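Listed below are the residues making up each chain.
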Amino acid sequence: MGVLDNLALGLQTALSLQNLAFCVFGVSLGMAVGVIPGLGAIAAISMLFPITYHLELTPALVMLAGIWYGSSYGGSTASILLNIPGTPSSVVTCIDGYPMGQQGRGGVALLMTAVASFFGGSVGILLMMFFGPLIASYAREFGAVEYFALIVLGLVAASTVAQGSAAKSLAMVTLGLIFGTVGLDMYTGAERLTLGIFELSDGISLVALAMGLFGVSEIISSVRQVKAAEVGKSSVGLRAMKPTREDVRRSVLPMVRGSAIGSFFGTLPGTGPAISAYMAYAIEKRLSRRKHEFGKGAIEGISAPEAANNAADQTSFIPTLTLGIPGSPTMALILGALIIHGITPGPQLVSEQAPVFWGLIMSFWIGNLLLLVLNIPLIGVWVRLLLLPYHFVYPAVLTFIAIGVYSVNNNVFDIQVVLAFGALGYLLRLLDFPTAPVLLGFVLGPLLEENFRRAMLISRGDPLVFVQHPISATVLALAAALLVLGAWSALRQTRQGTALPTPETD
Amino acid sequence: MHMKFALLGACAATMALTAPARAEYPEEPVTLVIPFGAGGITDLVTRRIAEKMAAGLGTDIIVENRPGAGGTIAARSVAESDADGYTVFVGTVGSQVVNPLIRDNVGYDPVESFEPVGLMAGTPFLLAVNPGLGVETFGDLVTYAKEHPGELNFGSAGVASSPHLGLELLKYEEGIDIVHIPFNSGREAVNAAASNEVDMTIDAAVVIMPQVKEGLLVPLMLGTDRKMVAAPDVPTNVEAGAPEISITSWNGLFVPSGTPEDVVSTLNTALMGALADEELTAALEAQGTLLFTGSMEEYDAFIEAERTRWSTIVEAADISIN
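The rules behind each value
Residues numbered from 1 in each chain as written. Chains lettered and ligands numbered in written order. Predicted model: local features only at pLDDT ≥ 70, side-chain atom pairs only at ≥ 80, totals over all residues. Heavy atoms only, no water. Helix = DSSP H or I, 4+ residues; strand = E, 2+ residues; numbered from the N terminus. Rg over C-alpha atoms; globule rule 2.2 N^0.38 Å. Buried < 20%, exposed > 50% of the residue type's maximum accessible area, 1.4 Å probe, protein only. Contact = heavy atoms within 4.5 Å. Areas by Shrake-Rupley, 256 points an atom, 1.4 Å probe, with all protein chains shown as cover. Patch = residues over 30% accessible without salt bridge, like charges linked within 9 Å, V, L, I, M, F, W, Y side chains within 5 Å. Salt bridge = Lys/Arg side-chain N within 4 Å of Asp/Glu carboxyl O. Phe/Tyr/Trp six-rings, centres within 6.5 Å; stacked < 30°, edge-to-face > 60°. Lys NZ or Arg CZ within 6 Å of the ring centre and 35° of its normal. Core = buried A, V, L, I, M, F, W, Y, C linked by side-chain atoms within 4.5 Å. Lys, Arg positive; Asp, Glu negative; His and termini not counted. Charge placed at Lys NZ, Arg CZ, Asp CG, Glu CD. Buried area = accessible area lost by both parts, 1.4 Å probe. Polar contact = N/O pair within 3.5 Å; in protein donor to acceptor, adjacent residues only side chain to side chain. Axes fitted to C-alpha atoms, helices over the stretch in contact; angles between N-to-C directions. Parallel < 35°, antiparallel > 145°, perpendicular 65-115°, else oblique. Nonpolar A, V, L, I, M, F, W, Y, C, P; charged D, E, K, R; others polar. pLDDT = per-residue confidence, 0-100. Pairing = 2+ DSSP bridges.

S.K.: Help me out: how do you make sense of the overall build of chain A in this one?
M.R.: Assigned secondary structure in chain A consists of 20 helices and 2 strands. Taking 2.2 N^0.38 as the reference for a compact globule, 506 residues should give roughly 23 Å; the C-alpha atoms of chain A span a radius of gyration of 22 Å, in line with that estimate. Principal-axis analysis of the C-alpha atoms gives chain A an extent of 65 × 65 × 50 Å. Of all 506 residues assigned to chain A, the portion counted as buried reaches 58%. Of the contacts made within chain A by residues no fewer than 6 positions apart, 81% connect residues no fewer than 24 positions apart. As displayed, chain A has an accessible area near 20,000 Å², and 70% of this comes from carbon and sulfur atoms.

S.K.: For this particular structure, what's the right way to read a nonpolar patch on the surface?
M.R.: On the surface, A:Val3, A:Leu126, A:Phe130, A:Phe131 and A:Leu134 cluster together into a nonpolar patch covering about 470 Å² of accessible area. Structurally, the position occupied by A:Leu134 is in helix H5 (residues 93-140).

S.K.: Hey, could you run me through the packing of aromatic side chains in this one?
M.R.: Between two aromatic rings, the relevant description is the distance of the centres plus the angle of the planes. Across all of its chains, the model carries 19 aromatic pairs over all chains by this definition. When the ring of A:Tyr69 is compared with that of A:Phe364, the centres are 5.4 Å apart and the planes differ by 85 degrees; the resulting orientation is edge-to-face. Taken together, the residues span a long stretch of sequence, with A:Tyr69 in helix H4 (residues 57-82) and A:Phe364 in helix H15 (residues 354-385) at a distance of 295 residues. On the basis of relative accessibility, which here comes to 0%, the residue A:Phe364 falls in the buried class. Between A:Tyr281 and A:Phe294, the ring centres sit 5.6 Å apart and the planes meet at 80 degrees, which makes this aromatic pair edge-to-face. Of this pair, A:Tyr281 sits in helix H10 (residues 272-287) while A:Phe294 is found in the loop between H10 and helix H11 (300-315), placing the two residues 13 residues apart along the sequence. One aromatic cluster is present, built from ring pairs that chain together B:Phe89, B:Tyr108, B:Phe114 and B:Phe254. Stacked on the ring of A:Phe433, the Lys or Arg A:Lys168 has its end atom at 5.2 Å from the ring centre.

S.K.: Looking at this model, I keep getting lost on the nonpolar core. Mind explaining?
M.R.: Of all hydrophobic cores here, the largest spans 255 residues; its most connected members are A:Phe317 and B:Ile49. The contacts of A:Phe317, once residues within four sequence positions are left out, are A:Ala65, A:Trp68, A:Met128, A:Thr322, A:Met331, A:Ile334, A:Leu360 and A:Phe364.

S.K.: What exactly am I supposed to notice about a negative patch on the surface here?
M.R.: A surface patch of like charges, here negative, comprises B:Glu24, B:Glu27, B:Glu28, B:Asp82 and B:Asp84. Mapped onto the secondary structure, B:Glu24 falls in the loop between helix H1 (2-22) and strand S1 (30-34).

S.K.: How should I be thinking about the interface of chain B and chain A in this particular structure?
M.R.: Reports often express the size of an interface as the amount of accessible area lost when the parts come together. Facing the 49 residues of chain B at the interface are 40 residues of chain A. If you sort the residues of chain B by the area they bury against chain A, B:Arg187, B:Asn191 and B:Glu197 come out on top, with a joint share of 15%. Across the chain B-chain A interface, the total number found is 0 salt bridges. In this structure, the connection of chain B to chain A is made through 12 residue pairs in polar contact (both at pLDDT 80 or more).

S.K.: Please clarify how the packing of H4(A) against helix H13 (residues 329-340) of chain A should be interpreted in this entry.
M.R.: For any two helices packed against each other, one specifies the inter-axial angle together with the distance between the axes. All names here are of chain A. Packing of H4 against H13 leaves a shortest axis separation of 10 Å and a crossing angle of 175 degrees. Judged by the angle between their axes, H4 and H13 are roughly antiparallel. Contact residues: Leu57, Leu61, Leu64, Ala65 and Trp68 in H4; Thr330, Met331, Ile334, Ala337 and Leu338 in H13. Partitioning the contact of H4 with H13 into residue classes produces 9 nonpolar, 1 polar and no charged.

S.K.: Would you take a moment to explain the confidence of the model for chain B for this structure?
M.R.: Low-pLDDT stretches of the model should not have their predicted coordinates read in fine detail. All names here are of chain B. Taken as a whole, chain B shows an average pLDDT of 89; of its residues, 93% reach a score of 70 or greater. Within chain B, the lowest mean pLDDT, 45, falls on H1, and the highest, 97, falls on strand S8 (residues 218-222). When the criterion is pLDDT under 50, residues 1-22 qualifies, and its contacts beyond four places in sequence or with other chains add up to 3 contacts. For this predicted complex, the interface confidence score (ipTM) comes to 0.85, while the overall pTM stands at 0.86.

S.K.: I'm lost on the pairing of strand S4 (residues 114-129) of chain B in this one. Help?
M.R.: Remember that side chains alternate between the two faces of the sheet whenever the strand is regular. Residue and element names in this part refer to chain B. Among the 16 residues that make up S4, 14 are buried, leaving the element largely enclosed by the rest of the structure. Examined bridge by bridge, S4 and strand S9 (residues 248-256) share 9 bridges and lie antiparallel to one another. Residue pairing in the sheet places leucine 119 in a bridge with glycine 252 of S9. As judged from the 5 bridges shared by S4 and strand S7 (residues 200-204), these two strands associate in the antiparallel manner. Bridge pairing in S7 links valine 129 to methionine 200. Sheet topology note: the S4/S8 ladder contains 4 bridges and is antiparallel. Following the sheet pairing, alanine 128 is matched in S8 by proline 219.

S.K.: Help me out: how do you make sense of the side chain of A:Asp185 in this one?
M.R.: Residue and element names in this part refer to chain A. Relative to the assigned elements, aspartate 185 resides in the loop between strand S1 (183-184) and strand S2 (191-192). Of the polar contacts made by the side chain of aspartate 185, one reaches the backbone nitrogen of tyrosine 187; its length is 2.8 Å. Beyond its immediate chain neighbours, meaning those up to four positions away, aspartate 185 contacts Ala190, Arg192 and Arg453.

S.K.: I'm lost on the pattern of salt bridges in this one. Help?
M.R.: As a working rule, side chains carrying opposite charge can pair if their charged atoms are close by. In total, this model carries 19 salt bridges over all chains according to the counting rule given. Close ionic contact of A:Glu284 with A:Arg257 constitutes a salt bridge, the shortest N to O distance being 2.8 Å. Residue A:Glu284 is found in helix H10, and its partner A:Arg257 is found in helix H9 (residues 245-267); the two are separated by 27 residues along the sequence. Residue A:Glu284 is classed as buried on the basis of its relative accessible area of 3%. Taking the shortest distance from any N to any O, the salt bridge between B:Glu64 and B:Arg66 comes out at 2.7 Å. Given a relative accessible area of 24%, B:Glu64 falls into the partly exposed group. Look at the salt bridges and you will find they share partners, linking A:Asp185, A:Arg192, A:Glu449 and A:Arg453 into a network.

S.K.: Explain the pairing of strand S3 (residues 87-92) of chain B to me, please; I cannot follow it from the model alone.
M.R.: All names here are of chain B. With 5 of its 6 residues buried, S3 lies for the most part within the structure. Of the strand pairs in this sheet, S1 and S3 are connected by 3 bridges, and their pairing is parallel. Paired with threonine 31 across the bridge in S3 is threonine 87. Two elements, S3 and S9, share 4 bridges in a ladder whose sense is antiparallel. Each residue of the ladder has a partner; that of valine 90, found in S9, is leucine 253.

Quick look at the structure:
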């Protein structure tokens, strides 16, 4: 069957009244849970999963997938307006999104994130359509050695995200690493840093950490501001949403790079949208000639990560469907939906289940278009929410965080974890530590350790495997080059006697 | 003496009085607690069976997923709940046999804290190797492993997972040395075997067979003595000459001990009715999961045999989580 036949088949499946209805329901719900901090795709999908036992496979998948990528569209809204990430993948969007909101450019930021999300999502779907099986066979060749090299490169590349003191941000990456080691040592079964608490033997959940550190701590620090934010009427109108030509020009390349980064990390199980967004932000900051604007409302700081997390959302279906390896707990649930319908994910899925696969892909197009269209009129509504006094908004947000975190495992302990991280986040803010790097260490640290130790186990302790495998040798060389380059430019700056980056005019 | 009889008589009278009230069980919805998240095979089997049981019991059944610490959190909470038949635990080989052997202080006793209602389903596992190894049968593998001690790598779903225990059983029974490489999930381990990062793995047919169809894995043996619809050409452990290699991941319903006998028997009758469903049996068998049929005595003997097998292996291999 040619590509056109497949597309026709997919479109026919996706446009059936039933599938269309589930697509609309899925993406709307996804966007809503994405907007509300604490409630995310994982909470919504866990709650709705039992329904899928009574649905046919295609509508079930279309709905669950819609919730998943819809939540990424919504996730940035609260980041921009409240400085509280709606989902873990929009943590970095706070860094520049919130300052934009403060400058009365919230409308522009929301519009640009919707556009960037659509752009990234489209790139991801295109890759899935034309190169899905190819990417899968490539991803299969990524063993522990290659993974390790790639994560080293990621850590080196992303080491520049934070503002201010390098020592402080390094300390925060380390703190993240420490939190990442909590739980069972996967190679020996020994408990690490669990303080004898049973629930901690599974480790700390990403949602609990992100919501506590970035959400609850923001609420604690601004609890004294009982008045509504000073948003002038002028900044909520339709005109205030219109980006300047400069905004658009500055966003194009970051969106392209962000989509590429997101698409890549999406196909690697374990990394996912949160790390994609982080990497995209780090790369933009590194490449930009306006480094000093980052953290103060640089538009590249929102368009790159938002393109990246949406691209990753789409491409993460490739390993899930074609290798049967879910990259995240949410993807594991989508895999579960396949299995309960008697369909085995694997290399044959694309050919054996052509209507399901192509129907799902075409539903992605419909869903992404819908999200873009839905998003634009809603921007005005979201911005107006800022006019509500915080003493209404914050208790509601806290309640939703508690509900969202509880509903994933049905365990009160997870709420206590959120509170603990909220308190810690507040303390770190008082001491002027940047909290975003905690996320980097938390996600990448365990992956780094896991793959390093597995590579060592398989090679019987021979570290030369990292240079003997061509992919890992290349990637590690790249990481080394980046380090040398960074050291050299730092040295040059010191020699010139200006440690501060010189602002360049454009 | 007379006094004692009188007391017993009084007790009997009270019991007789309250018995009719209890005969109305169930008066309210029954909750089944699954120790894992939604979407896995235990979740699938439980929800399908719960639907059928609800019809048999004439009440609603609420299915609750309470994952954590390999099922220990859920097991502990059900063991501590009221023994009235309204909280039923979906116990597995992990919660009822393995976890108490490898973890300190699980907070319940698998024998003393629970009373079995009946077994539900078992998923026999399958041993497969990478084709690059040039091994065609189980006998070949054992020979190869004996000639190359400590060279083979085995990918598992993690420390103390069913595939890991299966590997240790293999090493113990055949006297061979193979290196254990844990992964985060069985699917990752199976992919690592298919891409030749490790040499072999053990997992459910539903995970292994797609790779076999692609020619990426060679199946050597089933971990059961029954032929399987999901893997019809793969020899059973008896056919392969290794009946001692029995690896099945199973689950069943358990209630807190002290639950009245008539309540247990009401639940058991409903469960038996659900398990007799032919459509469900066929659908699960196509995926490599077999429903149990048998008497309570056979269940007890089965669980006891599992406990003996795995306690030997856990001790021999010195597996622990703490």
